[in-house]
Amino acid sequence: MKIFIEIPSWLGDAIMATPAIENLIKTYPQAKIILLGSFVSTQAFEGYSNIERVIVDNTKKEKNRYKALVSLAKSIGKVDLAISFRRSFSSKFMMFFIKAKEKFNYKRLTKKEIHLAIRYNDFINKVLNLSNEVGDLKLYFKPFSYSKATLGINPGATYGSAKRWYSQEFAKVAISLANRYDIVIFGGPTETDIAKDIEDELIKNGISNYQNLAGKTTIPELIEKIAGLDLFITNDSGPMHIAAAYKVKTIAIFGPTKFTETNQWHNDENGLIITKNLSCAPCMKRVCPLKHHNCMKQITASDVLKGLEKLEDISK
């Protein structure tokens, strides 16, 4: 049996789809999977034994994207089952040209605010008439082994500036915890400036037990490094879901997004959300539409440190 799967483009969404994909593999254990997604999201699926072919969707770079999508669909060949976890028009267009006995595009089955991992799994259960429960997030990378207790901080969020807490507050937290943890600063290639701002503050305060890895890791390296942490402080982002997959103790800072839908899945004992629950939130915007960004500005380093105390009490 051959199955084609188009995964979400965003790293975090792709990781939240892993319980549904794991259940799909358990249902069809002998199936060979063709996986399509962005370069970043497909990198996270290294180690999935049933995946025989990975295709990176670069059609946005082509002069005629829709012609490129038709060519991409035809290159996949005949499959028994085609499933897309995306709702975009381009995805539906591409799926139309795939030769499959059965094919399904992702649909939200309820307007209720439920976690995205549940939404993805419910979608698979619905279209394939299954009753699989939602398991843990699943990534197949070996955690990095640090020589000392290590704190990771992730000040970026690819979706937009509205999801980002402030570099000076991240720095205050790191400085307060530097006597307990070595520090690793994470970030993508577009987040090196905010990481450098934090690094500069650490240097000003005489902190030397840190690494700035922003823009320096591949996706597999990022996953391995986060997986080995003792503590992670992060915005709502793809790396937050990496931490959830490995049950890393995490403080997640939420402002404009719905933590009911995208908080850490199955990491309740090790995870804590910091949010101010303002009347204007969650707005779900990339940039604050009211220009004040109070959902993030009102969160302080003190809030995070108190949250850590609470989290440590829970885990005792």
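Here is what the cut-offs are and how they apply
Residues numbered from 1 in each chain as written. Predicted model: local features only at pLDDT ≥ 70, side-chain atom pairs only at ≥ 80, totals over all residues. Heavy atoms only, no water. Helix = DSSP H or I, 4+ residues; strand = E, 2+ residues; numbered from the N terminus. Rg over C-alpha atoms; globule rule 2.2 N^0.38 Å. Buried < 20%, exposed > 50% of the residue type's maximum accessible area, 1.4 Å probe, protein only. Pairing = 2+ DSSP bridges. Axes fitted to C-alpha atoms, helices over the stretch in contact; angles between N-to-C directions. Contact = heavy atoms within 4.5 Å. Left-handed = near helix turned anticlockwise from the far one by under 90°.

Peer 1: Provide a residue-level description of the overall build of the protein, including the pertinent values.
Peer 2: In terms of helices and strands, the protein carries 13 helices and 11 strands. Taking 20 Å as the expected radius of gyration for a compact globule of 316 residues, we find that the protein reaches 20 Å, a close match to that expectation. Overall size of the protein, expressed as C-alpha extent along the three principal axes, is 60 × 45 × 40 Å. Every one of the 316 residues in the protein was classed for burial, and the buried ones make up 53%.

Peer 1: Any details on the sheet that holds strand 10 (residues 250–253)? Residues and values, ideally.
Peer 2: Spatially, the six strands line up as an open sheet ordered 8-7-6-9-10-11, and their pairing is parallel. Of all strands in the sheet, those with a lone pairing partner are strand 8 (210–212) and strand 11 (271–274), marking the two edges. Neighbour to neighbour, the strand axes of the sheet diverge by 15° on average, direction disregarded. Against the sheet, helix 7 (residues 167–177) makes contact with strand 6 (150–154), strand 7 (182–185), strand 9 (231–235) and strand 10, and its axis sits at roughly 170° relative to strand 9, the strand it touches most. In this fold helix 8 (residues 192–204) packs onto strand 6, strand 7 and strand 8, with an angle of close to 155° to the strand it touches most, strand 8.

Peer 1: Report on the packing of helix 2 (residues 18–27) against helix 6 (residues 116–128), specifying residues and quantitative values.
Peer 2: The geometry of helix 2 relative to helix 6 is characterised by a closest axis approach of 7 Å and an angle of 30° between their N-to-C directions. As for the relative orientation of helix 2 and helix 6, their crossing is right-handed in sense. The segment helix 2 lies against helix 6, with P19, A20, N23 and L24 engaging Y120, N121, I124 and L128.

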